[in-house]
Amino acid sequence: MATSLPLPTTSLPTPEEPTTPYKQYAYAYPHQKAYRLGTDRPLLSEVWAGERLDALSLYLHIPFCEMRCGFCNLFTRTGAPHEITSAYLDTLARQARATREALEANGNPHFTLAAFGGGTPTYLTADELTRLCDICEHTMGADLKAVPWSVETSPATATADRIAVLAERGATRLSIGVQSFLDEEARAAARPQKRAEVEAALGRLKDAAFPILNIDLIYGITGQNERTFQMSLDAALAWEPEEIYLYPLYVRPLTGLMARHNTNNTQWDQQRLQLYHFGRQHLLAAGCRQTSMRVFSRIGSPAADHANDHNISEYNQQAGMVGLGAGARSFTTNLHYTTDYAVAIPEVRRIIDHYIATPTEEFQHAQWSYPMNEDERRRMFVLGTLLETSGLPIERYRQQFGSLPQEDFPTEFALITERGWVQHDQTALRLTREGMAWADAIGPLFFSPQVHHAMTTYQHR
Ligand SMILES: C[S@@+](CC[C@H](N)C(=O)[O-])C[C@H]1O[C@@H](n2cnc3c(N)ncnc32)[C@H](O)[C@@H]1O
Ligand code: SF4
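To keep things clear, this report deals only with the structure shown in the data block. In this text, all values refer to a predicted model and were calculated from it rather than measured experimentally.

Regarding the site of ligand 1
Looking at ligand 1, there are 18 residues lining it, with Phe71, Glu152, Gln179, Arg191 and Asp216 nearest. At 3.2 Å from a nitrogen atom of ligand 1 is found a main-chain nitrogen or oxygen belonging to Gly119. One nitrogen or oxygen atom from the main chain of Tyr250 is found 2.9 Å from a nitrogen atom belonging to ligand 1. Burial of ligand 1 by the protein chains amounts to 92% of its free accessible area of 570 Å². Where the shell around ligand 1 is concerned, the elements lending two or more residues are strand S6 (149-153), strand S7 (173-179), strand S8 (212-219) and strand S9 (243-248).

Here's what the structure looks like:
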């Protein structure tokens with residue numbers, strides 16, 4: 001199963017000393033910008049050969065939203081008419097059949113986790129969501145009544161009829177993007193929404209009593225300060241969500257905010273760093289625990305504790321992942337693959353139209369991909385564990401790779417040790433309080449030169 005590519009004993013080139021804490025959110029390494037359209041597009045039945053199929057996770061990407069928020073660089077289009085969403089689901093069903101066949105060629109696939117992400121999956125109507133659940137269950141064979149599964153939603157689309165479908169089908173986690181409870185901050189982030197709409201959506205989600213409710217907030221918005229951030233934090237806490245995600249604002253190419261934002265602003269870094277420490281402290285004092293730079297969960301909430309055991313967060317799934325839909329990623333031991341994706345509006349539309357027009361035979365093949373070797377798997381392991389508060393388990397790493405992480409990445413660990421960002425104990429390498437604040441700068445230190453190169457030569461579109 002594992003390739004026999006040469007193992008690096010040192011990592012070159014020497015990592016650059018980070019000057020900003022906000023370089024890159026390093027989830028699901030390697031980043032999709034490192035993927036390339038393959039000339040030999042291997043059959044999925046071969047890509048999945050030899051993989052463990054007994055604990056797969058299923059990810060369905062729904063690239064639709066009501067509006068395009070100014071900060072958002074996710075792969076999504078706004079205002080898609082019913083003909084498009086309906087044709088998209090037809091295609092998703094075809095892709096699901098082709099994928100299921102490829103998995104079955106290698107054994108008996110069994111899903112233990114699922115997620116609908118986007119975009120905004122609840123842009124789909126209640127009937128369309130029913131269809132999506134049917135594809136998961138009837139075509140992919142995922143038992144939605146038995147596994148934890150998560151759905152992303154937004155205030156405007158978390159309507160009673162959609163929530164009823166998700167509750168009835170057994171969703172265990174609903175994650176809603178609020179960003180800020182202050183209308184003027186939402187406006188400054190180019191996310192037009194009203195607090196009344198947000199509170200009403202939260203009320204409906206709370207009534208449905210999903211085991212886990214997550215609220216996303218953003219810090220670093222123009223005009224935001226400790227006082228206004230606290231207002232959002234307290235407004236979120238008042239709903240007693242099992243989880244709160246605190247995202248530092250990033251302003252990325254081709255987004256609405258890019259044109260009017262100075263992204264090289266050290267004051268902005270200071271604002272984000274200050275608000276991070278403030279927000280973290282506020283949530284800890286309110287009875288939350290931190291599991292990574294962005295993720296906080298309520299202590300004593302059994303569902304949230306259980307979710308962490310199962311890595312339910314859609315940003316934490318690193319292997320055995322089957323992605324369906326335009327832009328959804330799949331991870332096997334030797335290959336990470338996806339269909340095309342983009343940020344710019346015309347490109348997004350073209351790619352979704354192309355996805356809908358894709359002949360079913362093409363879904364039997366991996367399209368855009370990044371090959372994983374032993375070196376990349378070590379990096380993926382480091383990134384998937386070091387940036388969590390539980391830390392990098394040294395013995396598990398040694399058992400898997402036959403070496404110690406500090407031996408494989410001496411310069412990287414020397415650098416972060418020198419900066420006081422990591423502590424070693426008998427069992428784990430753990431980020432310090434300050435290290436966690438710099439997690440988005442630490443992550444990229446562990447990207448391979450090949451991934452760095454592929455990401456920097458990626459054509460933004
Ligand atoms: C798929 S969206 C959430 C669901 C839904 N579409 C919504 O916006 O309500 C995932 C989350 O990522 C965060 N996010 C997206 N782009 C971001 C950016 N540029 N900077 C900071 N956070 C960002 C937001 O908090 C957002 O809620
Ligand atoms: S933040 Fe959510 S609603 Fe806004 S554009 Fe991104 S995915 Fe869509």
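Resuming the write-up.
Examining helix H7 (residues 226-237)
Over its 12 residues, H7 runs 16 Å from end to end, which matches the ideal 16 Å to within 8%, given 1.5 Å per residue. Of all the positions in H7, only Thr228, Phe229, Ser232, Leu233, Ala235, Ala236 and Leu237 are classed as buried. The inward-facing, buried residues of H7 abut helix H5 (183-188), helix H6 (195-208), S8, S9, helix H8 (266-285) and strand S10 (288-290). The distance from a side-chain oxygen at the start of H7 to the backbone nitrogen of Arg227 is 3.0 Å, and the residue carrying that oxygen is Asn225.

Considerations on the pairing of S8
For S8, the tally of buried residues reaches eight of eight residues, placing the bulk of the element in the interior. Here S8 shows a buried face lined by Ile212, Asn214, Asp216 and Ile218 and a second buried face lined by Leu213, Ile215, Leu217 and Tyr219. As judged from the six bridges shared by S7 and S8, these two strands associate in the parallel manner. Bridge pairing in S8 places Arg173 opposite Ile212. Direction of pairing for S8 relative to S9: parallel, over a ladder of six bridges. The residue bridging Leu217 from the neighbouring strand is Leu246, located in S9. Considered for its hand, the β-α-β crossover made up of S8, H7 and S9 is right-handed.

Looking at unusual backbone geometry
Peptide bonds are trans in most cases, and residues, glycine excluded, mostly fall at negative phi. Geometrically, the link from Tyr29 to Pro30 is a cis peptide bond, its omega value of -10° lying close to zero. Relative to the helices and strands, Pro30 is located in the segment before strand S1 (36-37). Cis geometry marks the peptide bond from Gly118 to Gly119; its omega dihedral reads 25°. By secondary structure assignment, the location of Gly119 is in the loop between strand S5 (111-118) and helix H3 (126-139).

Observations regarding the site of ligand 2
The environment of ligand 2 is formed by Cys65, Met67, Arg68, Cys69, Phe71, Cys72, Leu74, Gly119, Thr120 and Arg191. Split by residue class, the shell around ligand 2 holds six nonpolar, two polar and two charged.

A look at the pairing of S6
Both faces of the sheet carry side chains from a regular strand, because those side chains alternate between them. Counting buried positions along S6 yields five of five residues, so the element is predominantly enclosed. Of the two faces of S6, the one carrying Trp149, Val151 and Thr153 and the one carrying Ser150 and Glu152 are both buried. Here three bridges tie S5 to S6, and the two strands are oriented parallel to one another. Residue pairing in the sheet places Ala114 in a bridge with Trp149 of S6. The parallel pair S5 and S6, bridged by H3, forms a crossover whose chirality is right-handed. When S6 meets S7, the two strands line up parallel, connected through four bridges. Counterpart to Glu152 in the pairing with S7 is Ser175. As for the winding sense of the linkage, the β-α-β connection from S6 through helix H4 (residues 160-169) to S7 is right-handed.

Things to note about the environment of Thr39
Position of Thr39 relative to the elements: it lies in the loop between S1 and helix H1 (44-47). Sequence spacing of Thr39 and Gly70 is 31 residues, and the spatial spacing of their C-alpha atoms is 35 Å.

Brief notes about the packing of aromatic side chains
On inspection of all chains with the given rule, the structure shows 17 aromatic pairs. Look at Phe381 and Phe401: their rings are 5.8 Å apart centre to centre, the planes differ by 85°, and that puts the pair in the edge-to-face class. Taken together, the positions of Phe381 in helix H11 (residues 374-386) and Phe401 in helix H12 (residues 394-401) put the pair 20 residues apart, joining distant regions of the chain. With respect to class, Phe381 is no different from Phe401; both count as buried.

Details of the packing of helix H2 (residues 82-104) against H3
In a packed pair of helices, the relevant descriptors are the angle between the two axes and the axis-to-axis distance. Contact geometry of H2 with H3 gives a least axis separation of 10 Å together with a crossing angle of 5°. In terms of axis orientation, H2 runs roughly parallel to H3. Only Glu128, Arg131, Leu132, Ile135 and Thr139 of H3 make contact with H2, whose side of the interface consists of His82, Thr85, Ser86, Leu89, Asp90, Leu92, Ala93, Ala96, Arg97 and Arg100.

Quick notes on the rules
- Residues numbered from 1 in each chain as written.
- Chains lettered and ligands numbered in written order.
- Predicted model: local features only at pLDDT ≥ 70, side-chain atom pairs only at ≥ 80, totals over all residues.
- Heavy atoms only, no water.
- Near = heavy atom within 4 Å.
- Polar contact = N/O pair within 3.5 Å; in protein donor to acceptor, adjacent residues only side chain to side chain.
- Areas by Shrake-Rupley, 256 points an atom, 1.4 Å probe, with all protein chains shown as cover.
- Helix = DSSP H or I, 4+ residues; strand = E, 2+ residues; numbered from the N terminus.
- Expected span 1.5 Å × (residues − 1).
- Buried < 20%, exposed > 50% of the residue type's maximum accessible area, 1.4 Å probe, protein only.
- Contact = heavy atoms within 4.5 Å.
- Pairing = 2+ DSSP bridges.
- Right-handed = clockwise from strand over helix to strand, strands pointing away.
- Nonpolar A, V, L, I, M, F, W, Y, C, P; charged D, E, K, R; others polar.
- Phe/Tyr/Trp six-rings, centres within 6.5 Å; stacked < 30°, edge-to-face > 60°.
- Axes fitted to C-alpha atoms, helices over the stretch in contact; angles between N-to-C directions.
- Parallel < 35°, antiparallel > 145°, perpendicular 65-115°, else oblique.

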